[in-house]
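These are the residues of each chain, in order.
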Amino acid sequence: GAVVSQHPSRVICKSGTSVKIECRSLDFQATTMFWYRQFPKQSLMLMATSNEGSKATYEQGVEKDKFLINHASLTLSTLTVTSAHPEDSSFYICSANSANQPQHFGDGTRLSIL
Amino acid sequence: GENVEQHPSTLSVQEGDSAVIKCTYSDSASNYFPWYKQELGKGPQLIIDIRSNVGEKKDQRIAVTLNKTAKHFSLHITETQPEDSAVYFCAAIYTGTASKLTFGTGTRLQVTL
């Protein structure tokens, strides 16, 4: 089946650091990639939707200057958490789809800001 | 916008028994309903999906039913095994536009020996 790879799986860093998370669709070209945030024991919260070569569309309440999204190719999107603080600690998950593929998710990145 | 409700929030069954998780949606235009299984520390994995032109779909021990009139859809797992223990999410979307998946709140399934 379709595979979405997310890297790194875990990050622990100091407050003020910027962290980049990569999301790759391994066996299909993803027209759209999505970034979610998930708090413990809760559902997935959509942060932003990105299409290759265009600016991401952010959900209400998500700071676009805080969470920078780049979708440079049909197989790669990146999320950069800028100047991360402890409240940004969370589980971040990407997903990807195309006209021929339903939405498939990566295995998530657990971000811990000290 | 779409609103998806999911019940129950937790479900405990004995190994070998069946498990049923139910979801309702609000937007009659929604036409695609995937189910995801999320194991601890991992991302959601698509396990089965159904489109609005079909009433039922089965894949081995997993089946999904859809009642468009009532705007209900359900996941059925038969002969449950300990490895079925996970959080299950239903979702709904209208695929005709650049819409977003709307997720249910999740069901934590525990299969006991």
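Relevant structure appears above.
Residues numbered from 1 in each chain as written. Chains lettered and ligands numbered in written order. Predicted model: local features only at pLDDT ≥ 70, side-chain atom pairs only at ≥ 80, totals over all residues. Heavy atoms only, no water.

**Student:** Is there a simple way to explain the pairing of strand 4 (residues 32–38) of chain A in this structure?
**Tutor:** Remember that side chains alternate between the two faces of the sheet whenever the strand is regular. Residue and element names in this part refer to chain A. Strand 4 sits mainly inside the fold: seven of its seven residues count as buried. Residues Thr32, Phe34, Tyr36 and Gln38 of strand 4 are buried on one face, and the alternating residues Met33, Trp35 and Arg37, pointing to the opposite face, are buried as well. Looking at chain direction, strand 4 and strand 9 (residues 90–98) are connected through seven bridges and run antiparallel. Paired with tryptophan 35 across the two strands is cysteine 94, which belongs to strand 9. (Buried < 20%, exposed > 50% of the residue type's maximum accessible area, 1.4 Å probe, protein only. Helix = DSSP H or I, 4+ residues; strand = E, 2+ residues; numbered from the N terminus. Pairing = 2+ DSSP bridges.)

**Student:** When you look at the environment of histidine 7 of chain B in this model, what are you seeing that I'm missing?
**Tutor:** Residue and element names in this part refer to chain B. Looking at where histidine 7 falls in the secondary structure, it is placed in strand 1 (residues 4–7). With 15 residues separating them along the chain, histidine 7 and lysine 22 place their C-alpha atoms 5.4 Å apart. Look past the residues within four positions of histidine 7 in its chain and what remains in contact with it is Ile21, Lys22 and Thr107. (Contact = heavy atoms within 4.5 Å.)

**Student:** Can you help me understand the sheet that holds strand 7 (residues 62–67) of chain B in this one?
**Tutor:** In any sheet, the strands associate via hydrogen bonds between backbone groups, in a parallel or an antiparallel arrangement. All names here are of chain B. Read across the open sheet, the five strands follow the order 1-3-8-7-6; overall the sheet is antiparallel. Each edge of the open sheet carries a strand with a single partner, namely strand 1 and strand 6 (56–59). For this sheet the average axis-to-axis angle between neighbouring strands, irrespective of direction, equals 15°. Sheet topology places strand 6 next to strand 7; four bridges connect them, and they run antiparallel. Among the inter-strand pairings, glutamate 56 is bridged to a residue of strand 7, identified as threonine 65. (Axes fitted to C-alpha atoms, helices over the stretch in contact; angles between N-to-C directions.)

**Student:** What's the story with the sheet that holds strand 1 (residues 4–7) of chain A in this structure? I'm lost.
**Tutor:** All names here are of chain A. Spatially, 1-3-8-7 is the arrangement adopted by the four strands of the open sheet, whose pairing is antiparallel. Pairing within the sheet leaves two strands with one partner each, and these edge strands are strand 1 and strand 7 (67–73). On average, each strand axis in the sheet is inclined to that of its neighbour by 15°, with strand direction left out of account. Here strand 3 (residues 19–25) pairs with strand 8 (residues 76–81) via six bridges, running antiparallel. Residue pairing across strands places glutamate 22 opposite threonine 78, the latter belonging to strand 8.

**Student:** Help me understand the interface of chain B and chain A in this model?
**Tutor:** Many structure descriptions define interface size as the accessible area lost when the parts assemble. Taken together, the contact between chain B and chain A spans 16 residues of the former and 17 residues of the latter. Taking both partners together, chain B and chain A bury about 1,200 Å²; carbon and sulfur atoms supply 59% of that area. Three residues, Pro44, Lys100 and Phe103 of chain B, lead the burial of chain B against chain A; their summed loss comes to 34% of the area buried on that side. The interface formed by chain B and chain A contains one salt bridge. Here chain B is connected to chain A by five residue pairs in polar contact (both at pLDDT 80 or more). The greatest single-element share of the side of chain B that touches chain A, amounting to three residues, is contributed by strand 4 (residues 32–38) of chain B. In the side of chain B that touches chain A, the residues fall into seven nonpolar, five polar and four charged. (Buried area = accessible area lost by both parts, 1.4 Å probe. Salt bridge = Lys/Arg side-chain N within 4 Å of Asp/Glu carboxyl O. Polar contact = N/O pair within 3.5 Å; in protein donor to acceptor, adjacent residues only side chain to side chain. Nonpolar A, V, L, I, M, F, W, Y, C, P; charged D, E, K, R; others polar.)

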